[in-house]
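The primary structure of each chain is shown beneath.
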Amino acid sequence: MDQLNNQTLVVFLSCMLLLWNIIVPQVEARAFFVFGDSLVDNGNNNYLATTARADSYPYGIDYPTHRATGRFSNGLNMPDLISEKIGSEPTLPYLSPELNGEALLNGANFASAGIGILNDTGIQFFNIIRITRQLQYFEQYQQRVSALIGEEETVRLVNEALVLMTLGGNDFVNNYFLVPFSARSRQFRLPDYVVYLISEYRKILVNLYNLGARRVLVTGTGPIGCAPAELAQHSRNGECYGELQEAANLFNPQLAQLLAQLNSEIGADVFISANAFAMNMDFVGNPQAYGFATSKVACCGQGPYNGIGLCTPASNLCPNRDANVFWDPFHPSDRANRLIVDRFMVGSTEYMHPMNLSTIMLLDSKT
């Protein structure tokens with residue numbers, strides 16, 4: 001019965017997406033800005049001296065150019081797919097020399113692999129663009145665009161833009177749980193650490209709003225305990241790592257509550273909560289119902305579950321990337337990303353609160 005329900009849901013989502021493409025074929029393209037970590041980095045780290053890079057084969061094996069671009073994917077990532085849905089050109093990395101002139105008007109991707117809510121997250125990666133710096137670059141971006149189209153038009157462009165913010169997973173994986181007795185785990189019990197993270201995230205989101213963002217998709221953390229990297233270290237029989245799952249289950253409801261509180265204070269639905277945990281668990285928990293062969297073994301990697309170390313030219317590589325939920329030990333495959341973005345577009349309030357992206361696009365096209 002569960003499998004039948006899942007298949008029905010897949011058919012329903014496909015129909016909704018088809019309907020969206022028919023009834024709104026000419027939505028005016030809007031700028032798109034991306035902030036966050038490796039789930040949404042389009043290549044900024046290629047320009048930095050850091051180990052947190054995806055700039056070599058087999059990354060990008062299914063990208064249109066079949067070359068590594070800095071995306072932590074075999075193909076496209078979430079920002080690419082959102083750009084497709086909203087009728088915009090793919091956002092360029094902010095550090096790319098190609099991002100100049102009219103290309104600036106499409107928006108920009110400020111994301112950097114390895115970062116988190118906290119500035120001490122990902123310190124082992126050295127030179128990455130922490131979220132405070134990403135927001136400073138956003139200010140700099142607006143100054144550059146003002147020189148092109150004037151201050152008033154720049155304010156309008158930013159106010160009408162769509163923004164994606166993806167943070168949180170690294171604050172657990174690459175901070176609190178990075179090593180036994182980490183500094184943060186000695187400082188905080190896990191519930192108190194989550195409260196601290198949320199308080200710091202609030203400052204980030206308020207800053208983003210003050211910089212002009214008015215439509216912000218904020219993703220919670222996915223089922224980080226189910227990533228092949230965690231299974232390889234902590235799982236005996238393929239079960240998800242309980243402590244990281246507990247962290248996600250503490251963090252996500254409090255993040256959703258924060259977003260609702262901010263919207264109430266502002267008096268508008270600025271922040272949209274994307275339940276990435278539920279979106280991912282649909283196919284992590286029942287991969288066959290969504291056409292996957294496995295949600296435990298990464299396509300690219302080595303060791304148990306292909307979850308040890310990095311994805312490199314020497315790694316095991318699966319022949320059919322569409323069969324795996326995970327591309328590498330931490331990141332979803334192109335096909336998994338497509339399912340996630342489909343939920344962004346037409347998902348119910350279980351997945352997108354208070355509304356999905358299709359509804360946002362329809363509402364904004366009328367104003």
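Shown above is the structure to which this text applies.
As the structure is a prediction and not an experimental result, all values here were calculated from the model.

Attention shifts here to the packing of aromatic side chains. Per the counting criterion, the structure on display carries 21 aromatic pairs. Members of the aromatic cluster, joined through ring pairs, are Phe172, Tyr176, Phe177, Phe188, Tyr193, Tyr196, Tyr241 and Phe251. Across from the ring centre of Tyr209, 3.8 Å away, lies the NZ or CZ of Arg214, which sits over that ring. Positioned above the aromatic ring of Phe292, the side-chain terminus of Arg335 is 4.4 Å from the ring centre.

Pairs may arise between side chains of opposite charge once their charged atoms sit close together. Under the definition given, this model contains 14 salt bridges. A salt bridge links Lys85 to Asp342, with the shortest nitrogen-to-oxygen separation between them at 3.6 Å. Of this pair, Lys85 sits in helix H2 (residues 78-86) while Asp342 sits in helix H11 (residues 334-346), and the two are 257 residues apart along the sequence. By relative accessible area, Lys85 is classed as partly exposed at 24%. Notably, a salt bridge pairs Glu265 with Arg202, separated by 2.7 Å at the nearest N-O pair. On the criterion of sequence distance, the pair formed by Glu265 in helix H9 (residues 242-266) and Arg202 in helix H7 (residues 190-210) is long-range, its members being 63 residues apart. With a relative accessible area of 26%, Arg202 lands in the partly exposed category.

To continue, consider the nonpolar core. If you look at the biggest cluster of nonpolar residues, it comprises 69 residues, and the most contacted ones within it are Phe33, Phe35, Tyr141, Met165, Phe172 and Tyr201. Mapped by element, the contributors of at least two residues to this core are strand S1 (32-36), helix H3 (131-149), helix H4 (151-159), strand S3 (162-166), helix H5 (169-176), H7, strand S4 (216-219) and H9. Looking at this core element by element, the count peaks at nine residues for H7. Among residues more than four places away in sequence, those in contact with Tyr141 are Phe33, Tyr94, Leu104, Leu105, Gly107, Ala108, Phe110 and Leu157. Counting residues in each nonpolar core, the second largest holds 40 residues, with Leu162, Ile272, Leu339 and Tyr351 among its members.

Next up on the list: the sheet that holds S1. Taken together, the six strands give an open sheet; going across it, the order is S2-S1-S3-S4-S5-S8, and neighbouring strands pair in mixed fashion. Each edge of the open sheet carries a strand with a single partner, namely strand S2 (107-109) and strand S8 (352-353). Of the pairings in the sheet, the one linking S3 to S4 comprises four bridges and is parallel in character. Considered in S4, the bridge of Met165 is made with Val218.

All right, on to the packing of H2 against H11 then. Where H2 meets H11, the axes come as close as 9 Å, and the angle between the chain directions of the two elements is 45 degrees. Comparing the axis directions of H2 and H11 gives the class oblique. Where H2 crosses over H11, the handedness of that crossing is right-handed. Residues Met78, Leu81, Ile82, Glu84 and Lys85 of H2 lie in contact with H11, whose contacting residues are Asp334, Asn337, Arg338, Ile340, Val341, Asp342, Phe344 and Met345.

Of the two faces of S4, both are covered, the one formed by Val216 and Val218 as well as the one formed by Leu217 and Thr219. Note: S4 against strand S5 (residues 271-274), four bridges, orientation parallel. From the neighbouring strand, Thr219 faces S5, where its bridge partner is Ala274.

Along the chain, Asn280 falls in helix H10 (residues 276-285). Within the local environment of Asn280, its side chain forms a polar contact with the backbone oxygen of Ala276, the two atoms lying 2.7 Å apart. Those residues in contact with Asn280 that lie beyond four places of it in its chain are Gly222, Pro223 and Ile340.

Take H9 next. Taking 1.5 Å of rise per residue, the 25 residues of H9 would be expected to cover 36 Å, and the 36 Å separating its terminal C-alpha atoms lies within 8% of that figure. Listed as buried for H9 are Leu244, Gln245, Ala247, Ala248, Phe251, Asn252, Leu255, Leu258, Leu259, Leu262 and Asn263. Those residues of H9 that are buried are in contact with H5, H7, S4, helix H8 (228-234), S5 and H10. Directly beyond the C-terminal end of H9, a positive phi value near 85 degrees is found at Gly267.

Here is what the cut-offs are and how they apply
- Residues numbered from 1 in each chain as written.
- Predicted model: local features only at pLDDT ≥ 70, side-chain atom pairs only at ≥ 80, totals over all residues.
- Heavy atoms only, no water.
- Phe/Tyr/Trp six-rings, centres within 6.5 Å; stacked < 30°, edge-to-face > 60°.
- Lys NZ or Arg CZ within 6 Å of the ring centre and 35° of its normal.
- Salt bridge = Lys/Arg side-chain N within 4 Å of Asp/Glu carboxyl O.
- Helix = DSSP H or I, 4+ residues; strand = E, 2+ residues; numbered from the N terminus.
- Buried < 20%, exposed > 50% of the residue type's maximum accessible area, 1.4 Å probe, protein only.
- Core = buried A, V, L, I, M, F, W, Y, C linked by side-chain atoms within 4.5 Å.
- Contact = heavy atoms within 4.5 Å.
- Pairing = 2+ DSSP bridges.
- Axes fitted to C-alpha atoms, helices over the stretch in contact; angles between N-to-C directions.
- Parallel < 35°, antiparallel > 145°, perpendicular 65-115°, else oblique.
- Left-handed = near helix turned anticlockwise from the far one by under 90°.
- Polar contact = N/O pair within 3.5 Å; in protein donor to acceptor, adjacent residues only side chain to side chain.
- Expected span 1.5 Å × (residues − 1).

Read these as layout, nothing more, since geometry by itself doesn't imply function.
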